[in-house]
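Spelled out from the first residue to the last, the chains are:
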Amino acid sequence: MNFNWVKTNKWIKIIFNNLVWEIPNSDKKIYLTFDDGPIPEVTEWVLDLLKSEEIKATFFCIGDNIQKHPEVYKRILVEGHQTGNHTFNHLNGWKTNTNYYIDNFKLCETEHLKLNTENSFLFRPPYGKIKSSQSKIIRQLGYKIIMWDVLSYDFDATISVEKCLENVISNTEQGSIIVFHDSLKAEKNLKYALPKAIQILKNKGFVFDVIS
């Protein structure tokens, strides 16, 4: 599976219906998510923005980054956001032995639980690439595998900041799960697109919520 397009095709959602692509609701809720943190230079900026806008989001954190920056991870929790597992070393499931992948996933889980008294049981595979064998084991462990409906492409240095913004505002619908990245690679596009996207989506009447 390679889901690196802006808007996830409805047939993909039907075929891979054991993965979570969107969260249907009747309250015009949408779900901001951030991958690859926590990173002090970027995650803290995101948290400041979310606090000023009085909205909550879900952060899919890399275990190695939690280990390196526990104070930033703690701030995510203290400020009422949700967190999820993104493997310890940002592994590409297609290129990784299943046993090693699961061990790495569990290592990330351990880092989460050192600082978080409750496990969210949310997992997002890096790159959206995961083997069926890996998916099956992780789901058997009680996890929801959270994919996305809208990919901002903030990590892609070849697209303009305006295109990054357009990707989000033109494709978000009620129930959409939206992906940004709190990473150094995405910082330029993120800092331009995220504040504007939040304002535009609020003006359209959308309400932001965490994934649970």
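Here goes a summary of the coordinates provided. (Residues numbered from 1 in each chain as written. Predicted model: local features only at pLDDT ≥ 70, side-chain atom pairs only at ≥ 80, totals over all residues. Heavy atoms only, no water.)

What follows concerns the pairing of strand E3 (residues 82–85). Alternating positions in E3 separate into two faces, Gln82 and Gly84 on one and Thr83 and Asn85 on the other, with burial throughout. Where strand E2 (residues 58–61) meets E3, four bridges bridge the pair, whose relative direction is parallel. By the bridge assignment, Phe59 is partnered in E3 with Thr83. (Buried < 20%, exposed > 50% of the residue type's maximum accessible area, 1.4 Å probe, protein only. Helix = DSSP H or I, 4+ residues; strand = E, 2+ residues; numbered from the N terminus. Pairing = 2+ DSSP bridges.)

Turning our attention to the layout of surface pockets. In this model, the largest pocket occupies a volume close to 330 Å³. Around the largest pocket sit 18 residues that line it, and Asp36, His90, Phe155, His181 and Lys185 are the ones nearest its centre. For the lining of the largest pocket, the residue count by class is eight nonpolar, seven polar and three charged. (1 Å grid on protein atoms, 1.4 Å probe; cavity = no way out; pocket = protein on both sides within 12 Å on 5 of 7 lines; lining within 4 Å. Points joined across faces, edges and corners; volume = space filled by probe spheres on them. Nonpolar A, V, L, I, M, F, W, Y, C, P; charged D, E, K, R; others polar.)

This part takes up empty space enclosed by the protein. Any empty space left between atoms is shown by rolling a water-sized probe over those atoms. Going through the model one piece at a time under the given rule, you end up with one cavity of 30 Å³ or more. Approximately 80 Å³ is the volume attributed to the largest cavity. Lining the largest cavity we find 14 residues, and of these Gly84, Asn85, His112, Asn119 and Ser120 sit closest to its centre. The set of elements that each furnish at least two residues to the lining of the largest cavity consists of E3 and helix H5 (98–115). By residue class, the composition of the lining of the largest cavity is five nonpolar, seven polar and two charged.

Counting 43 residues, the largest nonpolar core has Leu32, Phe34, Leu50, Phe59, Phe180 and Leu194 as the members making the most contacts within it. Elements that contribute at least two residues to this core include exactly strand E1 (29–35), helix H2 (40–53), E2, helix H4 (70–78), strand E6 (150–151), helix H7 (161–169), strand E7 (177–181) and helix H8 (187–203). When residues in this core are grouped by element, the largest group, six residues, is from H8. Ignoring sequence-local partners within four residues, the contact set of Leu50 consists of Leu32, Phe34, Ile55, Ala57, Phe59, His81 and Ile198. Grouped together as the second largest cluster of nonpolar side chains are 13 residues, Leu19, Trp21, Leu91 and Ile145 included. (Core = buried A, V, L, I, M, F, W, Y, C linked by side-chain atoms within 4.5 Å. Contact = heavy atoms within 4.5 Å.)

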